[in-house]
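Residue-level structure breakdown
Here is how the chains run, residue by residue.
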Amino acid sequence: MAPIAAGDTLPEGTLAYFDDQDQLQQVSIHSLAAGKKVVIVGVPGAFTPTCSLKHVPGFIERAEELKSKGVAEILCISVNDPFVMKAWAKTYPENKHVKFLADGSATYTHALGLELDLNEKGLGTRSRRFALLVDDLKVKAANLEQGGEFTVSSVDEILKAL
């Protein structure tokens, strides 16, 4: 399947997270993105160095700037279970705007065409690193990385697309 690209409609899918009452919830990606401008950040794995030290912190630190440019939701998706995503989110106590969502079986990652085979490294199927700018379910920018690179999916690149 071809990777998601600018001009495509965001596929529907269900992701998981823990709410403020520590209850496991399922959420439709369309319910979060329909009629809104959203940024979806995909990472290969929670707690991994580039994701934890560079990629996600940029979106947390510049969330207010994104919001001021009309972004309603900032969603971070990883092929990890919701328990891992909850623990990872807690490592960013300053975070007020980025939602950490689990795609435990990579089902949504496959729907986006962004799976990354890391079986040889013992990590199974993961997600390519990416950042999508979506407006009312239409992809306006699809910044997709190759391999383990971190060159085009930063918050700076998404801000340029706004």
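Up top is the structure these notes are about.
Quick summary incoming for the structure in this document. Everything numeric here is computed off the predicted structure, so don't read it as measured data. (Residues numbered from 1 in each chain as written. Predicted model: local features only at pLDDT ≥ 70, side-chain atom pairs only at ≥ 80, totals over all residues. Heavy atoms only, no water.)

**Section: the overall build of the protein chain**
What counts, and what does not: What counts as a helix is a DSSP run of H or I of at least four residues, what counts as a strand is a run of E of at least two, and both are numbered from the N terminus. Put simply, the radius of gyration uses C-alpha atoms, and a globule should come to 2.2 Å times the residue count raised to 0.38. Only protein chains enter the accessibility calculation, which uses a 1.4 Å probe; a residue is then buried when its area is under 20% of its type maximum, exposed when over 50%, and partly exposed in between. Per-residue and other accessible areas follow the Shrake-Rupley method at a 1.4 Å probe size, with only the shown protein chains counted as cover for residues. When charges are counted, Lys and Arg contribute as positive and Asp and Glu as negative, whereas His and the chain ends are disregarded. Charge coordinates come from a single atom per side chain, which is NZ of Lys, CZ of Arg, CG of Asp or CD of Glu.
Secondary structure summary: the protein chain contains six helices and nine strands in total. In terms of overall size, the protein chain behaves like a compact globule, its C-alpha atoms giving a radius of gyration of 14 Å where 162 residues would be expected to give roughly 15 Å. By principal-axis analysis of the C-alpha atoms, the protein chain measures approximately 40 × 40 × 30 Å. For the protein chain, the proportion of its 162 residues judged to be buried stands at 49%. When the accessible surface of the protein chain is split by element, carbon and sulfur atoms take 50% of a total near 7700 Å². Averaged over its 17 positive side-chain charges, the protein chain has a centre that lies 4 Å from the centre of its 21 negative ones.

**Details of the pattern of salt bridges**
Heads up, the rule is: We define a salt bridge as a contact between a side-chain nitrogen of Lys or Arg and a carboxyl oxygen of Asp or Glu at a distance within 4 Å.
Applying the stated criterion across every chain, the model contains six salt bridges. Glu65 is paired through a salt bridge with Arg62; the nearest N and O atoms lie 2.9 Å apart. For Glu65, a relative accessible area of 31% translates into the label partly exposed. Judged by relative accessible area, which is 26%, Arg62 ranks as partly exposed. Ionic pairing is found between Asp156 and Arg62, a salt bridge with its closest N-O pair at 2.2 Å. Remark: Arg62 occurs in the loop between helix 2 (49-61) and helix 3 (63-68) and Asp156 occurs in helix 6 (residues 155-161); sequence separation between them is 94 residues. A network of salt bridges, in which partner residues are shared, links Lys36, Glu73 and Lys99.

**Regarding the environment of Val155**
As a reminder, the rule being used: The contact rule is simple, with two residues in contact once any of their heavy atoms fall within 4.5 Å.
With respect to the element layout, Val155 can be found in helix 6. Contact partners of Val155, with chain neighbours within four places excluded, come to Gly58, Phe59, Arg62 and Leu66.

**Observations concerning the packing of aromatic side chains**
Rule in force here: Think of it this way: a Phe, Tyr or Trp ring, Trp meaning its six-membered ring, pairs with another when their centres are within 6.5 Å, and the plane angle makes it stacked under 30 degrees, edge-to-face over 60, tilted otherwise. For a Lys NZ or an Arg CZ to count as sitting over a ring, it must be within 6 Å of the ring centre and within 35 degrees of the ring normal.
Following the criterion strictly, the structure yields five aromatic pairs and no others. Aromatic pair Tyr92 and Phe100: ring centres 6.0 Å apart, planes at 20°, arrangement stacked. An aromatic cluster is built from Phe47, Trp88, Tyr92 and Phe100, whose rings are joined through pairwise contacts. One residue, Lys86, lies across the ring of Phe18, its end atom 4.4 Å from the ring centre.

**Describing the side chain of Glu145**
Note the threshold: The term polar contact refers here to a pair of N or O atoms within 3.5 Å; inside protein, the definition further demands a hydrogen-donor-capable atom paired with an acceptor-capable atom, and it admits residues adjacent in sequence only when both atoms are side-chain atoms.
Topologically, Glu145 is positioned in the loop between strand 9 (138-144) and helix 6. Put simply, Glu145 is tucked away with no salt bridge, and the nearest opposite charge, on Arg129, sits 5.5 Å away. Polar contacts involving the side chain of Glu145 include one to the main-chain amide nitrogen of Thr151, which spans 2.7 Å. For Glu145, the contacting residues outside a window of four places in its chain are Arg128, Arg129, Phe150, Thr151, Val152 and Ser153.

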